[in-house]
Amino acid sequence: MSAKPPMQDEPLQSNIGDQQEEPAAESLEDPCDDSPGTKKSDTEPSAEELLAVEKDRALRFQAEMENLRGRTSREITEQRRFGSLPLVRDLLPVLDNVERAIEAAENNTELNTDMDGLLEGFKLVRQQLLTILEQHHCKPIEATGQPFDPQFHEAILQQPSDETPKDHVLMQSQVGYRMHDRVVRASQVIVSSGSSED
């Protein structure tokens, strides 16, 4: 018997893989092909629609900027109007002490001529402080005889009075001040509870 040659099936198997058919080039279409023969998707917006969207966006941005400009302008105006408010609040106790000194000196009947000069000096200081406050639009709140208003008045006591109607300010114990339309400090007041006969 003669020896068998090596297996001849092996080369055949390697040729099988080479014989696979390649896909036809005609069946593949490039999805990015913009040639005139290809159709565009129906969901893509047209140039006019894109332009309208951008115009709308620009108008909204412009309106937003106008609102921001107006808001900033109002804030700057408020800051200018009330910028000196902390200084005024710090000055009011000084003015209160000057007025107390004047009141104490006027109530003292044993004043000599030296004290008269000191009293006049205090009165000048008070007038100067009031003038400065008024230059900064800070004015005293009218209280005595006015109807009680919790926005401007702080009630510290209530007592009967035949002269002052009920719920009106009978007396002011500390002067209140306002700057423009804001209360810097409310007036401390005594409120009438009406006639003692009621």
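Let us look at the structure shown here. (Residues numbered from 1 in each chain as written. Predicted model: local features only at pLDDT ≥ 70, side-chain atom pairs only at ≥ 80, totals over all residues. Heavy atoms only, no water.)

## Comments concerning the pattern of salt bridges
Phase 1 of the analysis: Under the definition given, this model contains five salt bridges.
Phase 2 of the analysis: Note that R57 and E54 form a salt bridge whose closest N and O atoms lie 3.1 Å from each other. Linking R57 with E54, this pair stays in helix 2 (residues 47–82), spanning three residues, or about one helical turn.
Phase 3 of the analysis: A salt bridge links R182 to E78; its shortest N-O distance comes to 3.0 Å. Of this pair, R182 sits in strand 5 (residues 182–185) while E78 sits in helix 2; the two residues are 104 residues apart in sequence, bridging distant segments of the chain. (Salt bridge = Lys/Arg side-chain N within 4 Å of Asp/Glu carboxyl O. Helix = DSSP H or I, 4+ residues; strand = E, 2+ residues; numbered from the N terminus.)

## Details of unusual backbone geometry
Phase 1 of the analysis: Even without glycine at this site, H137 takes up a positive phi of about 60°.
Phase 2 of the analysis: Along the chain, H137 falls in the loop between helix 4 (113–135) and strand 1 (138–140).
Phase 3 of the analysis: Backbone geometry places H180, a non-glycine residue, at a positive phi of 55°.
Phase 4 of the analysis: By relative accessible area, which is 26% here, H180 ends up partly exposed. (Buried < 20%, exposed > 50% of the residue type's maximum accessible area, 1.4 Å probe, protein only.)

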